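Results of the structural survey
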Amino acid sequence: MALIKPPLRVVAGITYRPFLDRHFAEIVFFAVSAAEQVRGYGARLMNHVKDYVISALDVRYFLTYADNFAIGYFKKQGFTTDITLDKSIWMGYIKDYEGGTLMQWTIIPKVVYLQSTEIIAAQRKAVRDRIYETSSEPKLYSGMDAFKNGTVDSILVENIPGLLELGCSKEMLRKLGENKVAKIHGPLYGPLKILVEDMRTNPNAWPFVEPVSGVADYYNIITEPMDISTLGTCVENDEYLTVDAFVRDATKIFTNCRKYNEE
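Figured I'd write up the structure that's included with this text. (Residues numbered from 1 in each chain as written. Predicted model: local features only at pLDDT ≥ 70, side-chain atom pairs only at ≥ 80, totals over all residues. Heavy atoms only, no water.)

Let's shift gears to the nonpolar core. Core analysis: the biggest nonpolar cluster contains 24 residues, and Ile-14, Ile-27, Phe-30, Met-46, Phe-62, Phe-74 and Phe-79 have the highest contact counts within it. Breaking this core down by element, the ones donating at least two residues are strand S2 (9–19), strand S3 (24–32), helix H1 (41–57), strand S4 (61–66), helix H2 (71–76) and strand S5 (101–106). Once residues lying within four places of it in the same chain are set aside, the contact partners of Phe-79 are Ile-27, Met-46, Phe-62, Thr-64, Phe-74, Met-103, Gln-104 and Trp-105. Core analysis: the next-biggest nonpolar cluster, separate from the first, contains 16 residues, Tyr-189, Met-199, Met-226 and Phe-246 among them. (Core = buried A, V, L, I, M, F, W, Y, C linked by side-chain atoms within 4.5 Å. Buried < 20%, exposed > 50% of the residue type's maximum accessible area, 1.4 Å probe, protein only. Helix = DSSP H or I, 4+ residues; strand = E, 2+ residues; numbered from the N terminus. Contact = heavy atoms within 4.5 Å.)

Using the criterion set out here, one finds 8 salt bridges in the structure. Residues Arg-60 and Asp-58 are paired through a salt bridge, measuring 3.3 Å at the closest nitrogen-oxygen approach. Residue Asp-58 is classed as partly exposed on the basis of its relative accessible area of 37%. By sharing partners, the salt bridges in this structure join Glu-224, Asp-249 and Lys-252 into a single network. (Salt bridge = Lys/Arg side-chain N within 4 Å of Asp/Glu carboxyl O.)

Compared with the 18 Å implied by 1.5 Å per residue over 13 residues, the 18 Å span of helix H6 (residues 189–201) between its first and last C-alpha is a close match. For H6, the complete set of buried residues consists of Tyr-189, Leu-192, Val-196 and Met-199. Relative to the axis of H6, the buried residues are bounded by an arc of 95 degrees and lie together on one face. As for H6, its buried residues are in contact with helix H8 (228–236) and helix H9 (243–260). (Expected span 1.5 Å × (residues − 1). Arc of directions from axis to C-beta.)

For the rest of this paragraph, the subject is the side chain of Lys-50. Mapped onto the elements, Lys-50 comes out in helix H1. One buried charged residue, Lys-50, forms no salt bridge at all, with the nearest opposite charge on Asp-51 at 8.3 Å. Here the side chain of Lys-50 touches Gln-77 through a polar contact of 2.5 Å, landing on its backbone oxygen. Once residues within four sequence positions are removed from consideration, Lys-50 is found in contact with Phe-62, Gln-77, Trp-105 and Tyr-113. (Lys, Arg positive; Asp, Glu negative; His and termini not counted. Polar contact = N/O pair within 3.5 Å; in protein donor to acceptor, adjacent residues only side chain to side chain.)

Pasting the structure below:
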């Protein structure tokens, strides 16, 4: 199945192989033109395929091996790395790709996937309408005194006035209190994170995304190895206090490549 713009320009395409007696299909190939990737064409094509295989082929599962660049996209389309389909159904039928991650999508029979945006919007509206129907006049609480004298540094979330009245159970509030506090990053975190992701998704970057492996003498020659994943880890850990520090590490990817490989 392909998505084509006039006159005959292919924007995206999916090749799938159905196993009709086993009620699943394998996505063998899926690609979207680099110039069109941010416009939603890939998601729309995927929804077309989902609706078709449900109605015409009685397919109930999709399986695919996703490379590192595609895992995030497939997760957005409802795929998961939690494979619930019994191995006896698919093992030996689909090709096992070295370095790929097996992912599964399970249908929700009542959903028309091409209408998923409208369905979600209707659900949100229904929830909001229900909240407005049951809401009452706002109730104001005075501030909390627990921390004023300095003898207490934490309290149970369930003891915050008003939360139980909202309908939250004590169990829900305890789980909320167990959530980790979000890490506060430095000022360079946002721009560098975007830059690393741009590097990672560049179509020419695939040899440099992960640390070099399987090359016997590489680390004898390259004493300061660097790759895009390691750059991303350093950004997450706020190790770059200046742009120059980031540039120095990023440059190592190129200098190491030139040093190890013949011209």
